[in-house]
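Letter by letter, the chains look like this.
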Amino acid sequence: MRHILIVGIGSGNPEHMTMQAINALNRADVLFIATKGANKVELADIRREIVERYVTNPRTRTVEYAVPVRDTADRTYGESVDDWHAAITGIYGQLFSGELADDGTGAFLVWGDPMLYDSTIRIIERVKDAGEVAFDYSVIPGITSLQALCASHRIPLNLVGKPVEITTGRRLAGTFPQHNETVAVMLDGVQAFSRIDDPEAMIYWGAYLGTVDEIVISGNLLEKKQQILETRARAREKHGWIMDIYLLRKGEDFDD
Ligand SMILES: C[S@@+](CC[C@H](N)C(=O)[O-])C[C@H]1O[C@@H](n2cnc3c(N)ncnc32)[C@H](O)[C@@H]1O
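In this text the structure is predicted, and so the values were computed from the model without any measurement.

How each quantity is defined
- Residues numbered from 1 in each chain as written.
- Predicted model: local features only at pLDDT ≥ 70, side-chain atom pairs only at ≥ 80, totals over all residues.
- Heavy atoms only, no water.
- Core = buried A, V, L, I, M, F, W, Y, C linked by side-chain atoms within 4.5 Å.
- Buried < 20%, exposed > 50% of the residue type's maximum accessible area, 1.4 Å probe, protein only.
- Helix = DSSP H or I, 4+ residues; strand = E, 2+ residues; numbered from the N terminus.
- Contact = heavy atoms within 4.5 Å.
- 1 Å grid on protein atoms, 1.4 Å probe; cavity = no way out; pocket = protein on both sides within 12 Å on 5 of 7 lines; lining within 4 Å.
- Points joined across faces, edges and corners; volume = space filled by probe spheres on them.
- Nonpolar A, V, L, I, M, F, W, Y, C, P; charged D, E, K, R; others polar.
- Salt bridge = Lys/Arg side-chain N within 4 Å of Asp/Glu carboxyl O.
- Axes fitted to C-alpha atoms, helices over the stretch in contact; angles between N-to-C directions.
- Left-handed = near helix turned anticlockwise from the far one by under 90°.
- Domains from an automatic or database assignment.
- Buried area = accessible area lost by both parts, 1.4 Å probe.
- Polar contact = N/O pair within 3.5 Å; in protein donor to acceptor, adjacent residues only side chain to side chain.

So, the nonpolar core
The biggest cluster of nonpolar side chains holds 41 residues, and the ones touching the most others in it are Leu-25, Leu-172 and Tyr-246. It is helix H2 (residues 41–54) that contributes the most residues to this core, five residues altogether. If we skip the residues at most four places from it in the chain, Leu-172 touches Thr-167, Val-183, Val-185, Ala-192, Phe-193, Ile-196, Tyr-246 and Leu-248. Counting residues in each nonpolar core, the second largest holds 21 residues, with Ile-4, Ile-88, Ile-124 and Tyr-137 among its members.

Overview of the layout of surface pockets
A volume near 250 Å³ is recorded for the second largest pocket. Along its surface, the second largest pocket is lined by 14 residues, and Gly-12, Ile-46, Glu-49, Thr-211 and Val-212 are the ones closest to its centre. Among the elements that make up the lining of the second largest pocket, the one with the highest residue count is H2 (four residues). For the lining of the second largest pocket, the residue count by class is five nonpolar, five polar and four charged.

Thoughts on the pattern of salt bridges
Overall, the coordinates contain 14 salt bridges when judged by the stated rule. Here Arg-126 makes a salt bridge to Asp-82, at a shortest N to O gap of 2.8 Å. One end of the pair, Arg-126, is in helix H4 (residues 120–130); the other, Asp-82, is in helix H3 (residues 77–99), and 44 residues separate them in sequence. Residue Asp-82 is classed as partly exposed on the basis of its relative accessible area of 39%.

Here's the deal with the packing of H3 against H4
Two elements in contact, H3 and H4, have axes separated by 9 Å at closest approach and are oriented at 65°. In the packing of H3 onto H4, the handedness of the crossing is right-handed. Counted together, Asp-82, His-85, Ala-86, Ile-88, Thr-89, Tyr-92, Gly-93 and Phe-96 of H3 and Thr-120, Arg-122, Ile-123, Ile-124, Arg-126 and Val-127 of H4 form the full contact between these two elements. Residue composition of the contact of H3 with H4, by class: seven nonpolar, four polar and three charged.

Description of the domain arrangement of the chain
Interface size is commonly expressed as the accessible area that is lost once the parts come together. Per the domain assignment, the segments of the chain are domain 1 (2–143) and domain 2 (146–249). Centre-to-centre, using C-alpha coordinates, domain 1 lies 27 Å away from domain 2. Residue-level contacts link 15 residues of domain 1 with 16 residues of domain 2. Approximately 1,200 Å² of surface area, both sides summed, lies buried where domain 1 meets domain 2, with 68% of it carried by carbon and sulfur atoms. For the pair domain 1 and domain 2, the number of links is one residue pair in polar contact (both at pLDDT 80 or more). Looking at the side of domain 1 that touches domain 2 element by element, the count peaks at three residues for H2. Of the residues contributing to the side of domain 1 that touches domain 2, the split by class is seven nonpolar, six polar and two charged.

Right, here's the structure in full:
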């Protein structure tokens, strides 16, 4: 039966690759590499660099495929994501039947870890449910951008014995600091931190983590807000794209 490996490749630094991930790529007959829109060309380049650096199996070949752009017109966010996943499900099905022998192994190189704000696992489940091509799959973990952020700032993720919430920019307003003292925010296209006016909040922000362009800024939120907004805008302008993540925190260890 065909086998699909969903491999976490880390979040920007090729040295995030684990031995397990390297061995998985070398087990594959085909590596499926997503080429997104032109402004995400760097992400495809990092995947290609990983393949060049770590794949030594001469029988492993690469197949690049285009991910369709998510259509947001005339539909809710949920509908838009669902339609987008359906389109990718069709593409994956075709890749598996067209590019893999009946007993072939294919691998997806997933940014960070496949369990964190990534839909590869759900889409692979959809392909399986569609039942048009028989296969099984495994997941290989990777270093997330959240781990990279904490490492670069040299901070533990949680306060001692306290919970952490991971959320998106769209949902931040309803959560910090009312519900949790530590909130990690990903996928924030609106800089939701700029609307928080808590004088005790700290921010730990990072962009392009793990890459040569990495930028990190930390400090009191109200004091650093403007600097982060300006730095972010300049970097986005320079590179044409940005990926950033941050942690907001109130309080100290042992202060309850
Ligand atoms: C679709 S999610 C993918 C997350 C990924 N699966 C992970 O494990 O980190 C993309 C978001 O992850 C964060 N991200 C991923 N890589 C990053 C990096 N190198 N630097 C900063 N943020 C990053 C950003 O918040 C970005 O909007």
